[in-house]
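Next come the chains, spelled out residue by residue.
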Amino acid sequence: MISRWSRRLGNESVVRAWRARVAECRTSVQGGPSNRRAYDDRSARRGDSKSNAGHGALHRVRRPPSRSRFDYGADKPNTIHPIRQAADGPADTPYTAPVGTEDGSSGLLIAGTSSDAGKSLVVTGLCRAVARRGIEVAPFKAQNMSNNSCVCSDGSEIGRAQYLQAQAAGVVPESAMNPVLLKPGSDQRSHIVLRGRPYGTLESGEYANGRDHLAAAAFAAYDELADRFDVIICEGAGSPAEINLRGSDYVNLGLARAKGLPVVVVGDIDRGGVFASLYGTVALLDSDDQELIKAFLINKFRGDVGVLQPGLDELTRRTGVPFAGVLPWLPDVWLDAEDSLAVGSWQRQRGSLDAALHVAVVRLPRMSNATDVEALAAEPGIEVFITTDAGAVAAADLAVLPGTRSTVSDLDWLRRTGLAEPFHDRVRRGAPVLGICGGYQMLAQAIDDSVESGRGMIEGLGLLPVKISFQADKVLQRPVGTWCGHQVEAYEIHHGVAEIDGETEPFLDGCHLDQVWGTMWHGAFENDGFRRAWLCEIATAAESEWRPVLAAPTYGARRETMINTLADAVEQFVDLDLLLAGTRVAGRL
């Protein structure tokens, strides 16, 4: 590929070649604040909430006027796009046939320069900001690769981030919002969840060319939502510039081309190199894909945006892509991570100087539903940290084995790394241990798994008198129960079924023996009364002085505050008119 460029371009660099083909764009800026309206509760599908005000005094980035697009016309026979798409699909590929409507696009795609750039949070904030205007909005992610998932009321499983985004939009979460969920079981294999139900596996060699049936299901799900909602806010995956996968893409620009969606590219300035990331993302796209890029958006900015403005203007001049805004760094916003980069993000937001109870969560290689411990981290006076340090696990007041998509494999890893021994030591001295779902399975005497690992019968850690048997049918449900008089609502996602064989005390659906606790239930600790009562017992066992702050906000209230904080930031610092121009709701903002 490089030699071909050299033959056609001589010694001209790739960047200079690209810049020479970008039309000059005006850089004057104009505009005003968005019109904030009350969150409309007239729809029966919407919940009522109050917005949260108060942000730093960042200047709003204003929208440039109409701009020229990239021009690679026939009148320039000696010029080519310098970084031509390496994985262009054939002319009859199903992923690139534009679909549009005369009254505007049915949605908008939020892409990112990388994973953890802030796509999920931006979509969450946009869903709430648009819903406040009385517009029927739904989130959508064609394919999510994540072991953090949730169960909808109909028993379907979707990504946890899309579940939250539906709540932000004030609508009932459903499988169409995340039709394809890939749950990595190893570096070479992912378990497929299609429309909320198990659907076999996807091998690494099939990722580029073996997903036609998944794309068809994703597009059909999008069409279902587009028929029922005014606008769809779509979230991309990873980066749209993954050129090795472009030919089979149906979650980033493949989706945008198929459904005629404008695309906004989000860059995370906190990790550095944001201008290069945004510029490089556009440079790697072919000319047809570049035409879809409507705007850039910078996330996690700290400081005076006036210092940033010259860079924004220059990048717009070079690419022809305007900036829709600069979102500030938002402390205490760490909602429902969907990938390993963002797991434990509360650790970057909160200090531990006042912590009276220390909770160590083992970072398993295939950890799933790490959001279970976010509710613990939200409690004042509790420090939750994710670790692979055996000493930290031994020293903590509470040690947690979280969920995992590969129980047997991660149990082997626990033993190989020496992290199993601190749990045995804790039991010998009566220090509290908690296992959730896969972590509960690890605590058992024996595990019979011919489904996930194919290993058959193996020994567990032997810390609870329980036998785990893996079943072909996956348990997907939303149970309700009680513990010590406190009602608990939760959800279950597992193949392993626990059989208690010994003297224990009941704990939700599971059991506890002395200070070893196990349950299959995810989300149980989001129930405030139960969480605080259980933590009091743990604090007593650990001889900690921690006690709950009863006046502290509930977990549900904290989540609503974070959603509204995101929406407030979107309304204050993002040009919604620019983002939604060309969609069928543009005139209703």
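Further up the page is the structure itself.
Since this is a predicted model, take the numbers as computed values, not measurements.

Colleague: Before we go on, may I ask you to explain the nonpolar core in this structure?
Modeller: Inside soluble globular proteins, nonpolar side chains tend to come together where they are buried. Grouped together as the largest cluster of nonpolar side chains are 93 residues, with contacts concentrated most on I110, L126, F140, V263, F296, I298 and L579. Ranked by the residues each element gives to this core, the list is headed by helix α5 (residues 212-228), at nine residues. Contact partners of I298, with chain neighbours within four places excluded, come to G267, I269, V274, F275, L278, L308, L312, F323, G325, V326 and L327.

Colleague: Mind showing me how you'd approach the pairing of strand β12 (residues 323-328) here?
Modeller: For a regular strand, the rule is simple: side chains alternate between the two faces of the sheet. Counting buried positions over the six residues of β12 gives six, a clear majority of the element. Pairing geometry for strand β11 (residues 293-301) and β12, over four bridges, is parallel. Opposite F296, over in β12, you have F323 as the bridge partner. As a crossover connection, the stretch from β11 through helix α9 (residues 305-319) into β12 is right-handed.

Colleague: I tried to follow the pattern of salt bridges on my own but got confused; where do I start?
Modeller: In the structure shown here, the tally under the stated rule is 27 salt bridges. Of the charged contacts, one joins D412 and R455 as a salt bridge, the two residues approaching to 2.7 Å between their closest N and O atoms. Of the two residues, D412 is situated in helix α12 (residues 407-416) and R455 in the loop between β19 (446-449) and β20 (456-459); the sequence distance between them amounts to 43 residues. Taken together, the shared-partner salt bridges connect D116, D268, R271 and K300 into one network.

Colleague: Even after reading the chapter, I still don't get the sheet that holds strand β25 (residues 505-507), so can you show me in this structure?
Modeller: Where strands meet in a sheet, backbone hydrogen bonds hold them as pairs that are either parallel or antiparallel. Read from one edge of the open sheet, seven strands run β15-β13-β16-β18-β27-β26-β25, paired in mixed fashion. Where the open sheet ends on each side, the last strands, each with one partner, are β15 (382-387) and β25. Direction aside, the axes of adjacent strands within the sheet are offset by 20° on average. With three bridges joining them, β25 and strand β26 (residues 510-513) adopt antiparallel strand pairing. Along β26, the bridge assignment pairs E505 with H512. Helix α13 (residues 421-428) rests against β13 (357-362), β16 (398-401), β18 (433-436) and β27 (516-519) of the sheet, and its axis sits at about 135° to β16. Packed on one face of the sheet, helix α15 (residues 528-541) meets β13, β15, β16, β18, β25 and β27 and runs near 155° to β27.

Colleague: Is there a simple way to explain the environment of R318 in this structure?
Modeller: Note that R318 resides in helix α9. Judged by relative accessible area, R318 falls into the partly exposed class, the value being 27%. Once the C-alpha coordinates of R318 and Y279 are considered, the two residues, 39 residues apart in sequence, prove to be 8.5 Å apart.

Colleague: Can you help me understand empty space enclosed by the protein in this one?
Modeller: Any empty space left between the atoms is revealed when a probe the size of a water molecule rolls over them. Inspection of every chain in the model, using the stated rule, returns six cavities of 30 Å³ or more. Taken as a whole, the largest cavity spans an internal volume of roughly 150 Å³. In terms of lining, the largest cavity is formed by 17 residues, of which the most central are T404, C437, E452, I493 and H494. When residues of the lining of the largest cavity are traced back to their parent elements, those giving at least two are α14 (438-442), β21 (466-477) and β24 (492-500). Looking at which element gives the most residues to the lining of the largest cavity, the answer is β24, with four residues. When grouped by side-chain class, the residues that make up the lining of the largest cavity number three nonpolar, 10 polar and four charged.

Procedures and definitions
- Residues numbered from 1 in each chain as written.
- Predicted model: local features only at pLDDT ≥ 70, side-chain atom pairs only at ≥ 80, totals over all residues.
- Heavy atoms only, no water.
- Core = buried A, V, L, I, M, F, W, Y, C linked by side-chain atoms within 4.5 Å.
- Buried < 20%, exposed > 50% of the residue type's maximum accessible area, 1.4 Å probe, protein only.
- Helix = DSSP H or I, 4+ residues; strand = E, 2+ residues; numbered from the N terminus.
- Contact = heavy atoms within 4.5 Å.
- Pairing = 2+ DSSP bridges.
- Right-handed = clockwise from strand over helix to strand, strands pointing away.
- Salt bridge = Lys/Arg side-chain N within 4 Å of Asp/Glu carboxyl O.
- Axes fitted to C-alpha atoms, helices over the stretch in contact; angles between N-to-C directions.
- 1 Å grid on protein atoms, 1.4 Å probe; cavity = no way out; pocket = protein on both sides within 12 Å on 5 of 7 lines; lining within 4 Å.
- Points joined across faces, edges and corners; volume = space filled by probe spheres on them.
- Nonpolar A, V, L, I, M, F, W, Y, C, P; charged D, E, K, R; others polar.

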